[in-house]
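Chains, contacts and geometry: an overview
This is what each chain is made of:
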Amino acid sequence: MKPARLSLSDVFRVGASGLHARPTRVILSALGIAIGIATMIAVIGISSSSREELLRQLDKLGTNMLTVSAGNTVFGEPSKLPVGAVDMVSRIAPVTSAAATGTVSATVRRTAHIDEAVTGGITVQAATTSLLTTLEGGVAKGTWLNDATSRQPAVVLGARAAERLGITRTGVRVWMGGRWFTVIGILGPMPLAPEIERSALVGFPVAEEELGFDGHPTTLYERSAEEAVEGVREVLPRTVNPENPSEVEVSRPSDALAAKAAASGAFTNLLLGLGAVALLVGGVGVANTMVISVLERRKEIGLRRSLGATRGQVRVQFLSESLLLSALGGVAGAVLGALATIGYALSQGWPPVVPPWSIGGAVGATLVIGTVAGLYPAMRAARLSPTVALSTS
């Protein structure tokens, strides 16, 4: 006699009936799988969303800006950029705009009664009127420096500088270099120039007259045509300082954002490891559930064997239960992970990104977990003798 063959629908029905008889245990076991899968998908999704936001910032801000700063002399001493460096850079044909800032040896405080040592991490810098255009930044409140205000005791605060000083509006005064300066503007975020966010900016003329500034720029910013960036980068040192080009350092701020996007993978790998641990714990929970199920259902196994079920069919029954249990947790985890990613990304103003491969990987992981977790219990059930199983009290 040939044993009856189980169709795919029969396998599914038999496996589902086994889970339906123990709903509480099934839900708790599937929860372990769901937590692991949700963690992994959320980590991948949030990391991908953050990376996408950084790339969008790069597209918006452009990658055609270079910064020039003074390096060191051959004797290791700090060098200085020439006073007319901005004009020299502006003469380079592909350059569309150029600006400069210069560090001023003064502090900015709310009143003269605050100790000078309490700077709050805010630097005072002289700035050319073309700085905001070159950085493609914006003013959150008030106005930017112009030819008139650059000669007056007026100051524009970076976003972080204003926050640290507790200033939320224009028209207030701050104490700088032994006199009062009026805040005429507060800048918005500057992703490509975070040092500007922590600065109090005044005009070059008033910095020289009132704050003892020597007129030598500390940092130059320039933008050029995208296709000419590398060419401009090569000639900048010789243009800025023809006598000592080796004392000039040139960098590309957009490289920092690109590196940040790439470096986010390191932290992601750590969190993925934690998700994998949770998934492993969930797999152990599934295996434990299936082992207990075999022990509790010995009479059922013995009855099925007595009615003609083969060892292979019993093995398939319990393996299918394990796969369905893991798949249930995997689907629930994928949905939770995707929702967590979307919710967090939207709360941060990022574009929500859930890579399709992460969903596919989640499904694959659940199938592997289900197979591994159910293999031993299925084999144990198949080895039970019908007479021994039926005689179990």
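Further up the page is the structure itself.
Residues numbered from 1 in each chain as written. Predicted model: local features only at pLDDT ≥ 70, side-chain atom pairs only at ≥ 80, totals over all residues. Heavy atoms only, no water.

**A word on the pairing of strand β2 (residues 95–104)**
Note the cut-off: Whether a residue is buried, partly exposed or exposed follows from its accessible area with a 1.4 Å probe, protein chains only, as a fraction of its type maximum: under 20%, in between, or over 50%, in that order. The numbering of helices and of strands both runs from the N terminus, where a helix is a DSSP run of H or I of at least 4 residues and a strand a run of E of at least 2. A pair of strands is labelled paired if DSSP reports no fewer than 2 bridges between them.
With eight of ten residues buried, β2 lies mostly within the body of the structure. Relative to strand β10 (residues 219–224), β2 runs antiparallel, the two being bridged by six bridges. Within the sheet, the bridge partner assigned to threonine 101 lies in β10 and is threonine 219. Here four bridges tie β2 to strand β4 (residues 123–127), and the two strands are oriented antiparallel to one another.

**Considerations on helix α11 (residues 311–348)**
One full turn of an α-helix is made of 3.6 residues, so residues set three or four places apart face in the same direction. How we decide: Expected helix span is taken as 1.5 Å per residue step, with the number of steps being one fewer than the number of residues.
Taking 1.5 Å per residue, 38 residues should reach 56 Å; α11 reaches 55 Å between its end C-alpha atoms and fits that length. The positive-phi residue at the C-terminal boundary of α11 is glycine 349, with phi of around 75°.

**Overview of the pattern of salt bridges**
Convention followed: When a carboxyl oxygen of Asp or Glu is within 4 Å of a side-chain nitrogen of Lys or Arg, the pair counts as a salt bridge.
Evaluated as defined, the whole model comprises five salt bridges. Arginine 252 serves as the salt-bridge partner of glutamate 230, at 3.1 Å between the closest nitrogen and oxygen. Here glutamate 230, found in helix α8 (residues 229–240), pairs with arginine 252, found in the loop between β11 (248–251) and α9 (253–296); they are 22 residues apart in sequence, far enough to count as distant.

**Here's the deal with unusual backbone geometry**
A positive phi angle is found at glutamate 136, which is not glycine, with a value near 55°. Along the chain, glutamate 136 turns up in the loop between α4 (131–135) and β5 (139–142). Glutamate 136 sits in the partly exposed class, given a relative accessible area of 45%.

**Comments concerning the packing of aromatic side chains**
We count it as follows: Only centres within 6.5 Å qualify two rings of Phe, Tyr or Trp (six-membered ring in Trp) as a pair; their planes then separate them into stacked at under 30 degrees, edge-to-face at over 60, and tilted for everything else. By the criterion adopted, a ring carries a charge over it if an Arg CZ or a Lys NZ lies within 6 Å of its centre and within 35 degrees of its normal.
This structure, assessed with the given rule, holds three aromatic pairs. The interplanar angle of 80° and the centroid separation of 5.2 Å between the aromatic rings of phenylalanine 204 and phenylalanine 213 together place this pair among those described as edge-to-face. Taken individually, phenylalanine 204 and phenylalanine 213 each receive the classification buried, so the pair is uniform in this respect. Ring geometry for tyrosine 344 against tryptophan 350: centres 5.7 Å apart, planes inclined by 75°, an arrangement best described as edge-to-face. Between the NZ or CZ atom of arginine 179 and the centre of the ring of phenylalanine 181, over which it lies, the distance is 5.9 Å.

**Some thoughts on the nonpolar core**
The condition that has to hold: The criterion is simple. A nonpolar core is a set of buried Ala, Val, Leu, Ile, Met, Phe, Trp, Tyr and Cys residues joined through side-chain atoms within 4.5 Å. The contact rule is simple, with two residues in contact once any of their heavy atoms fall within 4.5 Å.
In terms of nonpolar packing, the biggest core is built from 25 residues, with Val155, Val174 and Met176 touching the most fellow members. Listed by contribution, the elements that provide at least two residues to this core are β4, β6 (154–157), α5 (159–165), β7 (173–176), β8 (179–187), β9 (199–203) and α7 (204–210). Ignoring any residue separated from it by four or fewer positions in sequence, one finds valine 174 in contact with Val108, Arg109, Arg110, Val155, Leu165, Ile167, Arg179, Trp180, Phe181 and Val183. Residues Val26, Val294, Phe318 and Leu384 belong to the second largest nonpolar core, which totals 20 residues.

**Describing the side chain of threonine 67**
Our working rule: For the purposes of these results, a polar contact is taken to be a pair of N or O atoms within 3.5 Å, where, inside protein, one atom must be able to donate a hydrogen and its partner to accept one; residues adjacent in sequence count only when each atom of the pair is a side-chain atom.
Mapped onto the fold, threonine 67 is located in strand β1 (residues 65–70). Given a relative accessible area of 10%, threonine 67 falls into the buried group. A distance of 2.5 Å separates polar atoms of two side chains, one belonging to threonine 67 and the other to serine 251. With sequence-adjacent residues up to four places away left out, threonine 67 is seen in contact with Thr219, Leu220, Tyr221, Glu249, Val250, Ser251 and Pro253.

**As for the layout of surface pockets**
Put simply, the test is: Points on a 1 Å grid, built from protein atoms alone, make a cavity when a 1.4 Å probe fits but cannot get out and make a pocket when they are open with protein on both sides within 12 Å along at least 5 of 7 lines; residues with an atom within 4 Å of a point are the lining residues. Grid points are joined across faces, edges and corners, and a volume is the space filled by probe spheres set on the points. Gly counts as polar in this scheme, as do all residues outside two lists: the nonpolar Ala, Val, Leu, Ile, Met, Phe, Trp, Tyr, Cys and Pro, and the charged Asp, Glu, Lys and Arg.
The volume enclosed by the second largest pocket comes to roughly 290 Å³. For the second largest pocket, the lining is made up of 16 residues, of which Ala127, Thr128, Thr129, Phe204 and Pro205 are closest to its centre. Those elements that place two or more of their residues in the lining of the second largest pocket are α3 (85–90) and α7. With three residues, the top contributor of residues to the lining of the second largest pocket is α7. When the residues that make up the lining of the second largest pocket are grouped by side-chain class, the tally is seven nonpolar, five polar and four charged.

**Quick word on the packing of α11 against helix α12 (residues 356–383)**
What counts is decided by this rule: Note on geometry: axes are lines fitted to C-alpha atoms, helical ones only across the stretch in contact, with angles between N-to-C directions running from 0 to 180 degrees. Reported orientations rely on four angle classes, namely roughly parallel under 35 degrees, roughly antiparallel over 145, roughly perpendicular from 65 to 115, and oblique for the rest. Take the far helix as the reference: if the near one is turned anticlockwise from it by less than a right angle, the crossing is left-handed, and if turned clockwise, right-handed.
Where α11 contacts α12, the two axes come as close as 7 Å, and the packing angle between them is 150°. Considering the angle they form, α11 stands roughly antiparallel to α12. Regarding α11 and α12, the two cross each other, and that crossing is right-handed. Tallied by class, residues from the contact of α11 with α12 come to 14 nonpolar, seven polar and three charged.

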